[in-house]
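Listed below, chain by chain, are the residues.
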Amino acid sequence: LPKVTLADMVLNNDCRDQLQEIMGRMQYKSLMKSQVPNFLSGTQALFWGAPGTGKTMAAEAIAGELNLPLYKVNLSNVASKWIGETEKHLSKLFDQAEKQQAVLLFDEADAIFAKRSEVESSQDKNANMGVSYLLQRMETYQGILLLSTNFKANIDDAFLRRFTTVTEFVLPDKHTRKTLWQGIWKGEMQLDTDVNLDVLAAEFELSPSQIRNVGERACLLAAMKSTKTISKTLLAKALRREFDKQSAGFVTAKRLSDWINV
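Below: a short report on this structure. (Residues numbered from 1 in each chain as written. Predicted model: local features only at pLDDT ≥ 70, side-chain atom pairs only at ≥ 80, totals over all residues. Heavy atoms only, no water.)

## Description of unusual backbone geometry
Stage number 1. Even without a glycine there, the phi angle at Glu108 is positive, about 55°.
Stage number 2. Mapped onto the elements, Glu108 comes out in the loop between β3 (103–107) and α6 (110–113).
Stage number 3. Classification of Glu108 as partly exposed rests on a relative accessible area of 35%.
Stage number 4. The phi dihedral of Ser226 falls on the positive side, at around 55°, and the residue is not glycine.
Stage number 5. Mapped onto the elements, Ser226 comes out in the loop between α11 (208–224) and β7 (229–230). (Helix = DSSP H or I, 4+ residues; strand = E, 2+ residues; numbered from the N terminus. Buried < 20%, exposed > 50% of the residue type's maximum accessible area, 1.4 Å probe, protein only.)

This is the structure:
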């Protein structure tokens, strides 16, 4: 069972409201059935936004808030194995999830629900048969079913209309980034007093996941130096490691150098 809750996430108000509505459909299911004819018991929601903006963590938070297990499925893996066994595996997955009232998270939704060209190969036809089966099980699932994608524009409009909720996860603005930085170090290790979080948040446009990665690495670097103070130099090194993943190059190195000297 996930232990993350919405309180652990830094979200804008609209996103938080939509997540609470998703949970509300489960929490008030009996009332809604008595008040709304043909109320659909299950909830299908699409989470979309840039990598690292909190889509998976939001699924964990929903499951954590409702005290339900979370099942994660990577659809890009499923898409390449439609023929034969995959439908059997999906059937077992849905049957088991329904028994436990689990929250289902299908990651990389565009791998299955992307806009398709008119010309189809035999492999495409097999994949479409698999999509039809998945859609059928999605529509009859009685619990919370979530799909996530980095690219909403790639999802076919016919599929989008099937979701009860479509929630965007945006990159944080500088004020939100400052809040995220403030929540990183909660133990004995603390930032050196010469690190200005307002400047740090304004200078580097990072996702929540990237900020968490930098914070953890900075903590590790401090531990390796047997210090409880995270200096600007150590933080810059952790930032550089994160930027190196994207081959950020000279411009980022220059920005880091300028920031250290502020």
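## Quick word on α11
Stage number 1. End to end, α11 covers 24 Å across 17 residues, agreeing with the expected 24 Å (1.5 Å per residue, within 8%).
Stage number 2. Listed in full, the buried residues belonging to α11 are Pro208, Gln210, Ile211, Val214, Gly215, Ala218, Leu221 and Ala222. Buried residues of α11, seen end-on, are gathered within an arc of 160° and therefore sit on one face of the element. Facing away from the buried side of α11 by more than 90 degrees, the exposed set consists of Glu216 and Met224.
Stage number 3. Each element contacted by the buried residues of α11 is listed here: α9 (174–182), β7 and α12 (232–244). (Expected span 1.5 Å × (residues − 1). Arc of directions from axis to C-beta. Contact = heavy atoms within 4.5 Å.)

## Focus on a positive patch on the surface
Stage number 1. Taken together, the side chains of Arg217, Lys225, Lys237, Arg240 and Arg241 define a basic patch exposed on the protein surface.
Stage number 2. The element contributing the most residues to the positive patch is α12, with three residues.
Stage number 3. Here Arg240 shows up in helix α12.
Stage number 4. Accessibility expressed as a relative area gives 37% for Arg240, which makes it partly exposed. (Patch = residues over 30% accessible without salt bridge, like charges linked within 9 Å, V, L, I, M, F, W, Y side chains within 5 Å. Areas by Shrake-Rupley, 256 points an atom, 1.4 Å probe, with all protein chains shown as cover. Salt bridge = Lys/Arg side-chain N within 4 Å of Asp/Glu carboxyl O. Lys, Arg positive; Asp, Glu negative; His and termini not counted. Charge placed at Lys NZ, Arg CZ, Asp CG, Glu CD.)

## Some details on helix α1 (residues 13–27)
Stage number 1. In a regular helix each residue adds 1.5 Å, so 15 residues correspond to 21 Å; α1 covers 20 Å between its end C-alpha atoms and thus fits that length.
Stage number 2. Along α1, the residues that are buried comprise Cys15, Gln18, Leu19, Ile22, Met23, Gly24 and Met26.
Stage number 3. Residues of α1 that are buried sit in contact with α2 (29–35), β1 (43–49), α3 (55–66), β4 (144–149) and β5 (165–169).
Stage number 4. For α1, the side-chain oxygen to backbone nitrogen distance between the N-cap and Asp14 is 3.3 Å, and the N-cap itself is Asn12. (Polar contact = N/O pair within 3.5 Å; in protein donor to acceptor, adjacent residues only side chain to side chain.)

## Here's the deal with the packing of aromatic side chains
Each aromatic ring pair is described using two quantities: the centre-to-centre distance and the angle formed by the ring planes.
Stage number 1. According to the stated counting rule, one finds six aromatic pairs in the structure shown.
Stage number 2. Considering the side-chain rings of Phe94 and Tyr141, the 5.9 Å spacing of their centres and the 70° angle between planes classify their relative orientation as edge-to-face. Placement of Phe94 in helix α5 (residues 82–100) and of Tyr141 in the loop between α7 (122–140) and β4 is noted, with a sequence separation of 47 residues between them. Tyr141 carries the same exposure label as Phe94, and that label is buried.
Stage number 3. Pairwise contacts between aromatic rings join Phe94, Phe106 and Tyr141 into one cluster. (Phe/Tyr/Trp six-rings, centres within 6.5 Å; stacked < 30°, edge-to-face > 60°.)

## Quick look at the packing of α11 against α12
Stage number 1. Direction vectors running N to C along α11 and α12 enclose 130°, while the axes themselves pass 8 Å from each other. By the angle between their axes, α11 is oblique relative to α12. Considering the relative orientation of α11 and α12, their crossing is right-handed. Of the residues in α12, those touching α11 at Gln210, Asn213, Val214, Arg217, Ala218, Leu221 and Ala222 are Leu234, Leu235, Lys237, Ala238, Leu239, Arg241 and Glu242.
Stage number 2. Residues belonging to the contact of α11 with α12 are distributed by class as follows: eight nonpolar, two polar and four charged. (Axes fitted to C-alpha atoms, helices over the stretch in contact; angles between N-to-C directions. Parallel < 35°, antiparallel > 145°, perpendicular 65-115°, else oblique. Left-handed = near helix turned anticlockwise from the far one by under 90°. Nonpolar A, V, L, I, M, F, W, Y, C, P; charged D, E, K, R; others polar.)

## Concerning the side chain of Thr53
Stage number 1. With respect to the secondary-structure elements, Thr53 resides in the loop between β1 and α3.
Stage number 2. You can call Thr53 buried: its relative accessible area is 6%.
Stage number 3. In terms of polar contacts, Thr53 uses its side chain to reach the backbone carbonyl oxygen of Ala50, at 2.6 Å.
Stage number 4. For Thr53, the residues in contact, after removing those within four places along its chain, are Phe169, Val170, Leu171 and Pro208.

Bear in mind that shape data such as this cannot, by itself, settle questions of function.
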